[in-house]
Structure formats: structure tokens, C-alpha cells
Amino acid sequence: MKIAVIGLGVLGAATARSLALAGAEVTAFERTGPLAGTSSTSFAWVNSHNKNPRPYHDLNVAGMAEHSALAADPGRCAPWLTLGGNLEWAGDPDGTERLAASVRELEARDYPVEWIGPSRARELVPDLRVPDGVLDIAHYPTEGHLIPALLVARLWGEAREHGASLRCPAEVVSVSETADGVRIVLADGETASADAVVFAAGRWTEGLTETTGHRVAMADPDVAGSATVGLLGYTTPVPTRLDAVLTTPSLNVRPDGGGRLVVQGLDLDADADPANPPAVDGFHAQELCRRLDGLLAGTSGAALESIRVGQRSMPGDGLTVAGFLGDSGRIYVLATHSGVTLGPLLGRLAAGELLRGETASELVSFRPGRLVGRESLPPLEKARFAGQQ
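Residues numbered from 1 in each chain as written. Predicted model: local features only at pLDDT ≥ 70, side-chain atom pairs only at ≥ 80, totals over all residues. Heavy atoms only, no water.

Across the sheet, which stays open at both edges, the 3 strands sit in the order β10-β11-β12 with antiparallel pairing between neighbours. Two strands bound the open sheet, and with one partner strand each, they are β10 (172-177) and β12 (191-194). Strand after strand, the sheet turns through a mean of 20° between neighbouring axes, direction not considered. The sheet contact formed by strand β11 (residues 182-186) and β12 spans 4 bridges and is antiparallel. Along β12, the bridge assignment pairs V182 with A194. (Pairing = 2+ DSSP bridges. Helix = DSSP H or I, 4+ residues; strand = E, 2+ residues; numbered from the N terminus. Axes fitted to C-alpha atoms, helices over the stretch in contact; angles between N-to-C directions.)

Below, the structure written as C-alpha cells:
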């Protein structure tokens, strides 16, 4: 089959790889450049943490396992994945109760989690500064983080080795079905054809699916202070020891390679505005660095190389979308806020459904039909506490 993949972030690269490995003739269309969308502004935390309802949790657990399976052949490229665990604690009585309930729920699901104290936490993260009064810390040993650029390099590199090609810059403006496939129209007026198409277009999903006659409702990615936007700071190299993810009341932190860190203060997301990103040396940047110094030794004097407004790809109900639009089996859509965790898994499952007519049981709860044509969906709740994204 000749299949077009629209978008070359994590989801698009994963899908292109799985399709090409299965023998499809794959062409990826990317409007700006690989990783130019949501994948470049992701906290990139691999987890199934506060992922409800249960089928969504199970899907993310399977996504974590898929990463481990993919990483079992480390010789393919520089490692993109570090499963250094995650440490989380609460900062007030309400947070303590909420965290305890979350841990109980995960224990009931046989998800690896344990309570540890500050001394054990400092063994895991030697430069960690645990606030006075924090005695109970949740440790999630199988969680981790990844470097999106290295993951896409691995996925797209293997797709390319198996014949996949890239058209970039190539902005797709519409897709329609024909008698024997699909017709793709580009912004410059050029057209292309394929047997089937996969939308992996992130926050552009709603507009593109509307051109097919099957609009998938997505949360607006441009609303300042909403659940779809957030601030991420990227530090200069700092001499601190960290290979885990930290999700704390004041700051979420993960490594980003080369001694750099990614930092996120969820309460600061109220000021996130895609139309007005904050200055790299302004209040928000200074506040993130101040909080970092209070959390990790070795970060005094840290500065931000960049501060970005991430625009999340969120289906209208906050859950993953994966499946065919309409009944022809020619148009497939993938959209999720958990693209980093789910990318390799969704790519493999989508390829099976497209090429072999398989029905992936993991995706039954996430078909796009539930959101096609929907209007006036309630606003999504913003992430407000450690452990949320």
C-alpha cells in the first residue's frame, strides 16, 4: 500500500516506521520541519501516572512496555530513553491526601510504586534537597523520561532505511477520498495521491479532519492559560546529579542531555500565552531558576537558554484518539496528549489496523467516532499539582 503520513513528530515518525517495516510505501508530509510541533515542547515524561479511566491507564502501561522493547536494541542509535524513575511528594494536607489516594489506586492496578523517606530519595538523587517536614515520598521506579529528538531520529531513521520519504516543507490543507484512495492538496496547490492517509498532525488535527467531512473535536491549542498551554524552561548546563524525573509541588524537572534540565512550574501555566511568550530573562524564567536552586544542589546560578509555550495536542475529552474516520478504511487519525509515552505503541497498532485489517483491542475505547462533529465540549481541567501533565 501507498500511505501518506501527515506530520513528523513522535506519532508521525513512529507510524511511518511501523508502516515501512511492514512493507508499505510511505511518504511523510511535514509543514515546517520534524519535531516542529508539540513534540518539541513536551515535558517528555514516560509514565502511566494519574491516567484515568482504567483503559487509558492500561494503554499507557502498554506504551511504556513498547519503549522498553524498542530500546532492547540499543545499537540502533544513541539512547533516547532513561528509566530513572520518578519521585513525587506533596506540599500540604490536601496534597498529601490526594497523593495517598493516587498511590492506593496504582497499587490496586499492580503499578510499581513504593513509599520511601528522604534519605532513600537522596540515595537515588544525590543532589536532591527535600524540604523540611516532607517524610513520605512516592517512588515510581519504572517511569522515566526521553529526549524527543533522539526518539524521532531512531524512528524516522528506520523508516527511511525501509524506503520512507519525506516532503518538507509541505503543508497539507485538505484531504478527500477518491474512488480508489485519497487526494491530498498542499498549500502551494500541488496535489498527491495515496491508498490511505494517517493524520498525525497534533494540534492541527481538527482543521485537517474537517476537510475530510469527519471533524474530530480538539481542545483549542491557542487559549492563554487553558489546559492546552504550558511553560517549559530549558536550562544552561548545570553541575547537578539527576537521572530521574521529579514531580514536586513547586517544580517538575527532568534531564535534557548535556547537563541541561527541563523545568516546569504548573502554577505558572496560568500566564502561558502562545501569542506572548515570556522573555528568557524575565520573571517566569527567574522564578523557575529560583525554584530549581531550592530543589537541587549544583544549580545555583542556572539560567534558561529558552522558555517555550507548549501547545498540547488534546482531543476534546482529553483522551487519545486512534482509528479510522468513516467506513472506507482509508483515513486514519492519531491524536493524543500522551504522544511521548504512546508514540511507538500507537504507530505499531495503527500499522496493523491499516495494513492487515487487525482490530487492536487496546484502542477500542479510543475510536474517533465519539468526537466526530462534537460541539460545546466542557473545558478540560488544567494540571494543578505534582504528578499531573
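Further notes follow.
It is worth spelling out the packing of aromatic side chains at this point. Inspection of every chain in the model, using the stated rule, returns 2 aromatic pairs. Look at Y56 and F366: their rings are 6.2 Å apart centre to centre, the planes differ by 55°, and that puts the pair in the tilted class. Here Y56 is found in helix α2 (residues 54-71), whereas its partner F366 is found in the segment after α8 (339-356), with 310 residues between them in sequence. Neither Y56 nor F366 differs from the other in exposure class; each is buried. Taken together, a centroid distance of 4.9 Å and an interplanar angle of 85° make the contact between F324 and Y332 edge-to-face. On the accessibility criterion, F324 (28% relative accessible area) is partly exposed. Note on Y332: relative accessible area 0%, which makes it buried. Sitting above the plane of the Y234 ring, R308 keeps its charged end 3.8 Å from the centroid. (Phe/Tyr/Trp six-rings, centres within 6.5 Å; stacked < 30°, edge-to-face > 60°. Buried < 20%, exposed > 50% of the residue type's maximum accessible area, 1.4 Å probe, protein only. Lys NZ or Arg CZ within 6 Å of the ring centre and 35° of its normal.)

The peptide bond linking N52 to P53 adopts the cis configuration, its omega dihedral lying at 5°. Along the polypeptide, P53 turns up in the loop between β3 (45-46) and α2. Omega for the peptide link from C168 to P169 comes to 0°, which places this bond in the cis form. Within the fold, P169 resides in the loop between β9 (165-167) and β10. Phi is positive for N50, which is not a glycine, with a value near 55°. Take N50: it is sitting in the loop between β3 and α2. N50 gets classed as partly exposed once you look at its relative accessible area, which sits at 29%.

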